[in-house]
Amino acid sequence: MIGIDLTTGLLIYLFLWLITLVVLWIRELRRIKAHDWSISNNRLFRCNSCHYSFLMKDEQAHIARCPRCNAMCILLKKQ
Ligand SMILES: [Zn+2]
């Protein structure tokens, strides 16, 4: 059996905790980046029926369904 003293054991324990925290932090940063939303006029739809405004994830979409009343919403190009 390998004998270690108390100080070395505590240092190893702290080091493993730091590694765990860094791994969880990096994982959280990647998760936030993958589900990131940015607000722009290209993504903001406004329903003409119920006046509900909502964001679309797909930047290329020009037609969407309103999540509240299920009506078709057409994004008009702003100039
Ligand atoms: Zn609507």
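What you see is a predicted model; the values in this text were computed from it and never measured.

A. Representation of the coordination of the zinc ion. Around the zinc ion, the protein contributes the donor atoms C47 (SG), C50 (SG), C66 (SG) and C69 (SG), which lie 2.2 to 2.3 Å from the metal centre. Each of the four donor atoms around the zinc ion contributes to a set of angles spanning 105 to 117°, which defines the coordination as tetrahedral. Mapped onto the polypeptide sequence, the residues donating to the zinc ion form the spacing pattern C-x2-C-x15-C-x2-C. With C47 in the loop between β1 (44-46) and β2 (53-55) and C66 in the loop between β3 (63-65) and β4 (72-74), the pair connects residues that are 19 residues apart, well separated along the chain. With relative accessibility at 1%, the residue C47 sits in the buried group. Note on C66: relative accessible area 2%, which makes it buried.

B. Quick peek at a nonpolar patch on the surface. A contiguous nonpolar patch, built from I2, I4, I12, F15, L16, I19 and V23 and spanning about 730 Å² of accessible area, is present on the exposed surface. Locating L16 in the fold gives a position in helix α1 (residues 6-34).

C. Region of interest: the packing of aromatic side chains. Within the structure shown, the criterion is met by two aromatic pairs. Geometrically, the ring pair formed by F45 and F54 is stacked, given 5.7 Å between the ring centres and 15° between the ring planes. The two residues F45 and F54 agree in class, both being buried. Measuring from ring centre to ring centre gives 6.3 Å for Y52 and F54, while their planes differ by 20°; the resulting arrangement is stacked.

Parameters and conventions
- Residue indices follow the written sequence of each chain, beginning from 1 at its first position.
- The model is predicted, so local features are restricted to residues of pLDDT at least 70 and side-chain atom pairs to those at 80 or more, both for listing and for counting; the totals for chains, interfaces and linings are taken over all residues.
- Water and hydrogen atoms were dropped before computing side-chain values, which therefore reflect all heavy atoms in the structure.
- Counted as donors are the N, O and S atoms within 2.8 Å of the metal, or 3.2 Å for Na, K and Ca, while water is not among the atoms, so some sites may look incomplete.
- Only two sets of limits are used to name each site, 85 to 135 degrees for every angle of a tetrahedral four-donor site, and over 155 degrees for opposite donors with all other angles from 65 to 115 for a square planar four-donor or octahedral six-donor site, with any other site named irregular.
- Counting from the N terminus, the helices are DSSP H or I runs at least four residues long and the strands are E runs at least two residues long.
- For every residue, the accessible area (1.4 Å probe, protein chains only) is compared with the maximum for its type, and the residue is labelled buried under 20%, exposed over 50%, or partly exposed between those bounds.
- Patch construction takes residues with relative accessible area above 30% that form no salt bridge. Like charges are linked within 9 Å, and nonpolar side chains (Val, Leu, Ile, Met, Phe, Trp, Tyr) are linked within 5 Å.
- Residue-level accessible areas treat just the shown protein chains as cover; the underlying method is Shrake-Rupley with a 1.4 Å probe.
- Salt bridges are counted wherever a side-chain nitrogen of Lys or Arg sits within 4 Å of a carboxyl oxygen of Asp or Glu.
- A pair of Phe, Tyr and Trp rings is counted when the ring centres sit within 6.5 Å of each other, with Trp represented by its six-membered ring. The angle between the planes then sorts it: under 30 degrees is stacked, over 60 is edge-to-face, the rest tilted.

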